[in-house]
Amino acid sequence: MSELAIYWVFAGAFLASMVAIGAYQFIGLRTVDDRGERAFDFWIGEGTVPGWWTAASLAAGWLLLGWMTWQMYLWYAYGLGAIWIFTIPWLLCTVGLLFVPKLFRRFPGVSIPEILRFRFNRMTQTLLGPVQSFAYLTWLAAEIYVLSAVLSKPLEVGIVTMAVIVSITFGIYVTMGGFRSVLRTDLIQFVCAAIMLVALSVFGIMEAAALSGGFGQIVAQINETPPVYADHFWDWDSPGYSYMFASLLIYTPGFITLQGAWQRVMATSTETEAQKGMWWNVTFNVIIVVLMPTLIAVAALVVFPPVGGEIPSEVGSFGYFIFSSMITELFSNPIVAGALIVALMGMALSSVDTYVNVCAMNLTKDVLEPLVFERYDVSGQARLNTGRAVTAGFIGISLLWAFEFPGLFDMYFLSSALISATTAVATFSAFSKKPTTLSAYLAIIFGTVGIFLFFFLGKYEMLGWLPTWLTNSGLAYGVIGLALSIIGIFVGIAFGTPPSDRVLARYDGSYYSGRREMYELNQQLKQEEKEEREEAAAAPSA
């Protein structure tokens, strides 16, 4: 059997197993008797996941192939300076998530917009839902493109064809089982990704040591042909001070409020287990998400060094081929290489399934539910069917976007800046009892408008009136959008109506355990909200 055939056997078997898990979760979902709760389950799962599983699922969901590729590319291109663009913001993110369960498990929302609904109001949810959906659609498109580009090389198939194959696969199992499928497949994908990253980092560093004449000579060898944008490997400020500052500022808040992370926190069995999960998450992220890709990038600088100050074809633009090139370079046995290619596929699927679920949830749960389902008392089965249809629709949209892929820098910086300037600011404000509903409105509106307005002004070189250090970063839109959003919070505090006693009482409310309690508390708070609206409507005529 040829090497190509072996690779396809491994890939086909893995994709088929993912679909089988989705079919099993489809059957499990049908055992939920209450149709409304079944539709709720589609977005949150059974609510019985222990803390360590939450952390493994979260780490798997964060092992975005595009994200890992970009992280390795940053180390390859900037050397130690990469820490400011990715590593430090990511580590701060894992620490920030430690503070989430204690407060927000009192607000039983499936999504961050729904959580904020219980702190502010329903309109906050409908404002923020589309913004999040757009941001994560960009990530979904990026992941599909990078996955297809990476796998197209060893599997000898076109990028478009590969994109269609993987999209159909994860589309089937996510559409059938919803977040249940995501949580179950994540565990398998986490193990696959961990095995691959361990293998590539260990054998990659060993190969780099062999080529350099010893482990202690690796950095010296790198410095002979240094990272393309650095003078040497330890060039800690290679990105430039303005770029470093802007990256930290616009990345870190958005990382902390990534929807996939919060969804898993809310789906964990208890608040205590959720807290344990976030500590496990710190461990998994430091070792697997940050350290191992960094070691692979260091090895790549030796195994595939820059040529004439340019990135070689084995690495590819934005590092698209680092993973596949390292696999084929280090492992000549086609069985081993095929298994690692499957692990690579698993790492990618663990993120695309998360983000298609998030995109669909932010539109279905945060827009259609408050504006249509609740208003017209739509049945639970119709809500579930709509959720599945929207999920399938986002797969098609992301495929179209992926084929017009603009590059990882714009995709990740723009979407992360958007999340920081909207979701993060509004969410962080909820730690205080002072912000008003107007605060949330203005933060989301100012942040969204500011990001897009200044992004396009920058594209057309119309920001010459700003300080040079800011425009030189290329990220002025993120800094300005974040600043405008924060201003919106304080304007809302000054001129908005303070939150009601009923809302403030939720800060001391009970924690829920499991999906059933979460669903019941979710419905209770929505009923209280409805009563408040009815009382407010009746007040003028009383």
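Structural data are supplied above this passage.
Thresholds applied
- Residues numbered from 1 in each chain as written.
- Predicted model: local features only at pLDDT ≥ 70, side-chain atom pairs only at ≥ 80, totals over all residues.
- Heavy atoms only, no water.
- Helix = DSSP H or I, 4+ residues; strand = E, 2+ residues; numbered from the N terminus.
- Rg over C-alpha atoms; globule rule 2.2 N^0.38 Å.
- Buried < 20%, exposed > 50% of the residue type's maximum accessible area, 1.4 Å probe, protein only.
- Contact = heavy atoms within 4.5 Å.
- Areas by Shrake-Rupley, 256 points an atom, 1.4 Å probe, with all protein chains shown as cover.
- Axes fitted to C-alpha atoms, helices over the stretch in contact; angles between N-to-C directions.
- Parallel < 35°, antiparallel > 145°, perpendicular 65-115°, else oblique.
- Nonpolar A, V, L, I, M, F, W, Y, C, P; charged D, E, K, R; others polar.
- Core = buried A, V, L, I, M, F, W, Y, C linked by side-chain atoms within 4.5 Å.
- Patch = residues over 30% accessible without salt bridge, like charges linked within 9 Å, V, L, I, M, F, W, Y side chains within 5 Å.
- Salt bridge = Lys/Arg side-chain N within 4 Å of Asp/Glu carboxyl O.
- Phe/Tyr/Trp six-rings, centres within 6.5 Å; stacked < 30°, edge-to-face > 60°.
- Expected span 1.5 Å × (residues − 1).

Chemist: Quick question: what am I supposed to make of the overall build of the protein chain here?
Modeler: A tally of helices and strands in the protein chain yields 23 helices and zero strands. The C-alpha atoms of the protein chain give 23 Å as radius of gyration, which agrees with the globular expectation for 542 residues (24 Å, within 12%). Here the protein chain holds 542 residues, and 61% of them are scored as buried. Within the protein chain, residue pairs in contact and separated by at least 24 positions form 85% of the contacts whose partners lie at least 6 positions apart. Accessible surface computed for the protein chain: about 19500 Å², of which carbon and sulfur atoms make up 66%.

Chemist: Hey, could you run me through the packing of helix 2 (residues 35-44) against helix 16 (residues 334-373) in this one?
Modeler: When two helices pack together, you describe them by how their axes are tilted relative to each other and by the distance separating the axes. Across the interface, helix 2 lies against helix 16 with an axial gap of 10 Å and an inter-helix angle of 140°. On the basis of the axis angle, helix 2 is oblique to helix 16. Note on element contacts: helix 16 touches helix 2 through N357, A360, M361, T364 and K365, opposite F40, F42 and W43. Partitioned by chemical class, the residues of the contact of helix 2 with helix 16 number five nonpolar, two polar and one charged.

Chemist: Looking at this model, I keep getting lost on the nonpolar core. Mind explaining?
Modeler: Nonpolar side chains tend toward joint burial in soluble globular proteins. M196, F323 and M326 are the most contacted members of the largest nonpolar core, which totals 177 residues. The element contributing the most residues to this core is helix 16, with 17 residues.

Chemist: Looking at this structure, I do not really get the side chain of T422. What am I missing?
Modeler: Within the element layout of this structure, T422 appears in helix 18 (residues 408-429). Once you skip the residues sitting within four places of it in the chain, T422 turns out to touch L128, V131, A443, I444, G447 and T448.

Chemist: Hey, could you run me through a nonpolar patch on the surface in this one?
Modeler: A cluster of nonpolar side chains, contributed by V160, V164, I168, I172, L400 and F403, occupies part of the molecular surface with about 510 Å² of accessible area. Elements with a contribution of two residues or more to the nonpolar patch: helix 9 (159-177) and helix 17 (380-403). Looking at the nonpolar patch, the element that brings in the most residues is helix 9, giving four residues. Given the relative accessible area of 46%, V160 is considered partly exposed.

Chemist: How should the pattern of salt bridges be read in this particular structure?
Modeler: With the rule as written, the count across this model stands at 22 salt bridges. In this structure, R516 engages E37 in a salt bridge whose closest nitrogen and oxygen atoms are separated by 2.4 Å. Of this pair, R516 sits in helix 23 (residues 514-538) while E37 sits in helix 2, placing them 479 residues apart in sequence. Measuring nitrogen to oxygen at the nearest pair gives 3.0 Å for the salt bridge that ties E529 to R533. On the criterion of helical spacing, the pair formed by E529 and R533 is a turn pair, its members being four residues apart in helix 23. A residue is classified by how much of its surface remains accessible, and R533, at 34% relative accessible area, is partly exposed. One salt-bridge network, held together by shared partners, links E114, R117, R122, K365, E369, E374, R383, K526, E529 and R533.

Chemist: I'm lost on the packing of aromatic side chains in this one. Help?
Modeler: Given two aromatic rings, one states the distance between the centres and the angle between the planes to describe the pair. One pass over the structure, following the stated rule, counts 28 aromatic pairs. Aromatic pair F104 and F431: ring centres 5.3 Å apart, planes at 90°, arrangement edge-to-face. Note that F104 is positioned in helix 6 (residues 100-104) and F431 in the loop between helix 18 and helix 19 (437-459), a separation of 327 residues in sequence. Accessibility expressed as a relative area gives 42% for F431, which makes it partly exposed.

Chemist: Sorry if this is basic, but what is going on with helix 9 here?
Modeler: Count 3.6 residues to each turn of an α-helix, and residues three or four apart come out pointing the same way. For helix 9, which comprises 19 residues, the first-to-last C-alpha distance of 27 Å matches the rise-based estimate of 27 Å (1.5 Å per residue) to within 8%. Of the residues making up helix 9, those classed as buried are M162, A163, V166, S167, T169, F170, G171, Y173, V174, T175 and G177. Buried residues along helix 9 sit against helix 1 (3-29), helix 2, helix 8 (122-155), helix 10 (179-212), helix 16 and helix 17. G178 occupies a position one or two residues after helix 9 and carries a positive phi of about 60°.

Chemist: Is there a simple way to think about helix 17 in this case?
Modeler: Between the first and last C-alpha of helix 17 there are 35 Å, a value that for 24 residues agrees with the 34 Å anticipated at 1.5 Å per step. Looking at the buried residues of helix 17, the elements they touch are helix 1, helix 2, helix 8, helix 9 and helix 16.

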